[in-house]
Amino acid sequence: MIANAPRRQPLYVQIKQFLLRRIAEGEWLEHDALPSEWDLAAEMSVSQGTVRKALSELVTDGLLYRQQGKGTFVAAVLSDWGTSLLQSPGVFDEMPDRLSCEFLAISRVNASDDMAVALQLRRHAPMFRVRQLWRGQGRPVALDEAYLPAERFDGMEARWFRSATGVYATLQQRFGVRVVESREQYRAVMLPREDASLLGLSGAALEEPVLSVLRLTFSSVGERVEWRQRYCLSRDLALLQKGC
């Protein structure tokens, strides 16, 4: 039996949370196989049926996947960058550079009116704001501000983002929320001056527009989980959506 688990929760829910915690702690990585249902049941002193129900729900949620005859595996995490690529304008066959993500800060703010409506929250609901800087070949190429409902993700800690590969990895590993879908809007905007230095802009470049990508993301069960504002440098780069 799992120690220190709330008695009011069904046993299979306790098993789900216990497995998620072990994944978050790095015991199993992406595409690693979990022990068999029998081994997990014996380890936790519960029935095989209880373990199977917990695993089935995690598969339904998109956090695990099954391969016939091989077992149950940890699902890969969607990149915070999504499915888009940055390329040189007009060069469609170019192999894009791999972007690196640098965690900057996390803070608490209140939801704007647009944000609250999009995420179906009350006005001025408390939010976590996570700022990230993206680099290509070592130079800044984009700046992110991801907004997450504070009540939904209570206990969010900065150290998780330093050790994980991004916001979506943190949501999946720490809260069992898998991001699978997004809606995006694109427009040219002037970059807020307080953000310009992070992207290495100065002088005349401050007067040039950048590409704004506004994203609303959904979990595997249809929950609205994130509002993200991304600013991409677009003088020497173009955004390509894969599959479009």
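Residues numbered from 1 in each chain as written. Predicted model: local features only at pLDDT ≥ 70, side-chain atom pairs only at ≥ 80, totals over all residues. Heavy atoms only, no water.

**Examining the pairing of strand E9 (residues 224-232)**
Here is step 1 of the chain: Among the nine residues that make up E9, eight are buried, leaving the element largely enclosed by the rest of the structure.
Here is step 2 of the chain: Taken together, the six bridges between strand E6 (residues 139-149) and E9 define a ladder with antiparallel strand orientation. Pairing of Tyr147 across the sheet is with Trp227, part of E9.
Here is step 3 of the chain: Examined bridge by bridge, strand E8 (residues 209-219) and E9 share eight bridges and lie antiparallel to one another. By the bridge assignment, Leu211 is partnered in E9 with Cys232.
Here is step 4 of the chain: Hairpin connection from E8 to E9: four residues lie between these consecutive antiparallel strands, with Gly222 at a positive phi of about 85 degrees. (Buried < 20%, exposed > 50% of the residue type's maximum accessible area, 1.4 Å probe, protein only. Helix = DSSP H or I, 4+ residues; strand = E, 2+ residues; numbered from the N terminus. Pairing = 2+ DSSP bridges.)

**Some remarks on the sheet that holds E9**
Here is step 1 of the chain: Spatially, E4-E5-E6-E9-E8-E7 is the arrangement adopted by the six strands of the open sheet, whose pairing is antiparallel. This sheet does not close on itself; its edge strands, each paired only once, are strand E4 (100-110) and strand E7 (179-190). On average, each strand axis in the sheet is tilted by 20 degrees relative to the strand beside it, whichever way the strands run.
Here is step 2 of the chain: Summarising the sheet, E7 and E8 pair through eleven bridges and their orientation is antiparallel. Within E8, the position partnered with Arg187 by the bridge is Ser212.
Here is step 3 of the chain: Across the sheet, helix H6 (residues 167-175) lies against strand E5 (126-136), E6, E7, E8 and E9, angled at about 160 degrees from E9, the strand it touches most. (Axes fitted to C-alpha atoms, helices over the stretch in contact; angles between N-to-C directions. Contact = heavy atoms within 4.5 Å.)

**What to know about the packing of aromatic side chains**
Here is step 1 of the chain: Applying the stated rule across the entire model yields five aromatic pairs.
Here is step 2 of the chain: With centroids separated by 5.5 Å and ring planes inclined at 20 degrees, the aromatic side chains of Tyr65 and Phe73 adopt a geometry described as stacked.
Here is step 3 of the chain: For Tyr65, a relative accessible area of 25% translates into the label partly exposed.
Here is step 4 of the chain: Classification of Phe73 by relative accessible area gives buried; the value is 12%.
Here is step 5 of the chain: Measuring from ring centre to ring centre gives 5.1 Å for Phe153 and Phe175, while their planes differ by 75 degrees; the resulting arrangement is edge-to-face. One end of the pair, Phe153, is in the loop between E6 and helix H5 (158-163); the other, Phe175, is in helix H6, and 22 residues separate them in sequence.
Here is step 6 of the chain: In this structure Phe153 comes out as buried when scored by relative accessible area, which is 0%.
Here is step 7 of the chain: Pairwise contacts between aromatic rings join Phe153, Trp160 and Phe175 into one cluster.
Here is step 8 of the chain: The side chain of Lys53 reaches across the aromatic face of Tyr12, ending 4.2 Å from its centre. (Phe/Tyr/Trp six-rings, centres within 6.5 Å; stacked < 30°, edge-to-face > 60°. Lys NZ or Arg CZ within 6 Å of the ring centre and 35° of its normal.)

**Points about the domain arrangement of the chain**
Here is step 1 of the chain: On domain assignment, one finds that the chain holds domain 1 (11-74) and domain 2 (84-241).
Here is step 2 of the chain: The centre of domain 1, based on its C-alpha atoms, is set 31 Å off from the matching centre of domain 2.
Here is step 3 of the chain: Between domain 1 and domain 2, the residue contacts involve five residues of the former and eight residues of the latter.
Here is step 4 of the chain: Taking both sides of the interface into account, the surface hidden between domain 1 and domain 2 amounts to around 620 Å²; carbon and sulfur atoms contribute 53%.
Here is step 5 of the chain: On inspection of domain 1 and its partner domain 2, the count reaches zero salt bridges.
Here is step 6 of the chain: Counting across the domain 1 and domain 2 interface gives two residue pairs in polar contact (both at pLDDT 80 or more). (Domains from an automatic or database assignment. Buried area = accessible area lost by both parts, 1.4 Å probe. Salt bridge = Lys/Arg side-chain N within 4 Å of Asp/Glu carboxyl O. Polar contact = N/O pair within 3.5 Å; in protein donor to acceptor, adjacent residues only side chain to side chain.)

**A short note on the environment of Glu226**
Here is step 1 of the chain: By the element assignment, Glu226 lies in strand E9.
Here is step 2 of the chain: For Glu226, a relative accessible area of 0% translates into the label buried.
Here is step 3 of the chain: Spatially, the C-alpha atom of Glu226 lies 7.3 Å from that of Leu119, the residues being 107 residues apart in sequence.
Here is step 4 of the chain: In this view, Glu226 contacts Leu119, Ala146, Tyr147, Leu148, Val167, Tyr168, Arg215, Leu216 and Thr217; residues no more than four positions away in its chain are not counted.
Here is step 5 of the chain: Engagement of the side chain of Glu226 in a polar contact is seen with the side chain of Tyr168, the distance being 2.6 Å.
Here is step 6 of the chain: Looking at Glu226, its side chain comes within polar contact range of the side chain of Thr217, at 2.9 Å.

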